[in-house]
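Coordinates in review
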Amino acid sequence: LTQVLETTTTNTSLEDALGMTPFHVLATSAALKQDMLGCLLDKYPVEILFHKDHNNKTMLDYLLMRTSRKAVQLVQMVKKESSSGSNFGMGRDRKV
């Protein structure tokens, strides 16, 4: 994840052969990690959340298929980020 965050800047260069971005991969992972989603949201524009893979699914589509508490927490993070007008078009600017 760190390597991807440091070397890429646009969603087109983030796609794999299936059209999936790191957001898609995280959403389909067996181990859902809030901190990883936070890192991705910090780095990439919110528009990438609406990117559809070759199966015509966004990362949120994959998260909504999940039933775990972790999935619910990630859906809430995505909802908050995608509804934030002030950050639309850029990654979050969080002080650490």
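Scope of this entry: the structure provided in the associated data block.

The rules behind the values
- Residues numbered from 1 in each chain as written.
- Predicted model: local features only at pLDDT ≥ 70, side-chain atom pairs only at ≥ 80, totals over all residues.
- Heavy atoms only, no water.
- Helix = DSSP H or I, 4+ residues; strand = E, 2+ residues; numbered from the N terminus.
- Buried < 20%, exposed > 50% of the residue type's maximum accessible area, 1.4 Å probe, protein only.
- Contact = heavy atoms within 4.5 Å.
- Areas by Shrake-Rupley, 256 points an atom, 1.4 Å probe, with all protein chains shown as cover.
- Axes fitted to C-alpha atoms, helices over the stretch in contact; angles between N-to-C directions.
- Parallel < 35°, antiparallel > 145°, perpendicular 65-115°, else oblique.
- Left-handed = near helix turned anticlockwise from the far one by under 90°.
- Nonpolar A, V, L, I, M, F, W, Y, C, P; charged D, E, K, R; others polar.
- Polar contact = N/O pair within 3.5 Å; in protein donor to acceptor, adjacent residues only side chain to side chain.
- Phe/Tyr/Trp six-rings, centres within 6.5 Å; stacked < 30°, edge-to-face > 60°.

Looking now at the overall build of the protein chain. Looking only at helices and strands, one finds five helices and zero strands in the protein chain. Sequence-ordered secondary structure for the protein chain, helices as α and strands as β, is α-α-α-α-α. Residue burial in the protein chain is summarised as follows: out of 96 residues, 35% are buried. Within the protein chain, contacts between residues at least 6 apart in sequence are counted, and of these 70% link residues at least 24 apart. A total of about 6,100 Å² of accessible surface is found on the protein chain, and carbon and sulfur atoms cover 54% of it.

Next up on the list: the packing of helix α3 (residues 34-43) against helix α5 (residues 69-82). For the pair α3 and α5, interaxial distance at closest approach is 10 Å and the crossing angle is 20°. It follows from the interaxial angle that α3 and α5 lie roughly parallel. For the pair α3 and α5, the crossing hand works out as right-handed. Within the contact between the two elements, α3 uses Q34, L37, G38 and L41 and α5 uses K70, Q73, L74, M77, V78 and E81. Looking at the contact of α3 with α5, its residues break down into five nonpolar, three polar and two charged.

This paragraph deals with the environment of L18. Note on placement: L18 falls in the loop between α1 (2-7) and α2 (22-28). Judged by relative accessible area, which is 53%, L18 ranks as exposed. Between the C-alpha atoms of L18 and H54, which are 36 residues apart in sequence, the distance is 5.6 Å. Residues within four places of L18 in sequence aside, it is in contact with D53 and H54.

Further remarks concern the side chain of H24. Locating H24 in the fold gives a position in helix α2. Under the relative-accessibility criterion, H24 is labelled buried at 0%. Polar contacts involving the side chain of H24 include one to the main-chain carbonyl oxygen of H51, which spans 3.2 Å. In contact with H24, other than residues within four places in its own chain, are G19, H51, K52, D53, K57, T58, M59 and Y62.

According to the stated counting rule, one finds one aromatic pair in the structure shown. Ring centres of F23 and Y44 lie 6.4 Å apart, and the angle between their planes is 75°; on these two criteria the pair is classed as edge-to-face. In this pair, F23 is assigned in helix α2 and Y44 in the loop between α3 and α4 (59-64), connecting sequence segments 21 residues apart. Note on accessibility: F23 and Y44 belong to one class, buried.

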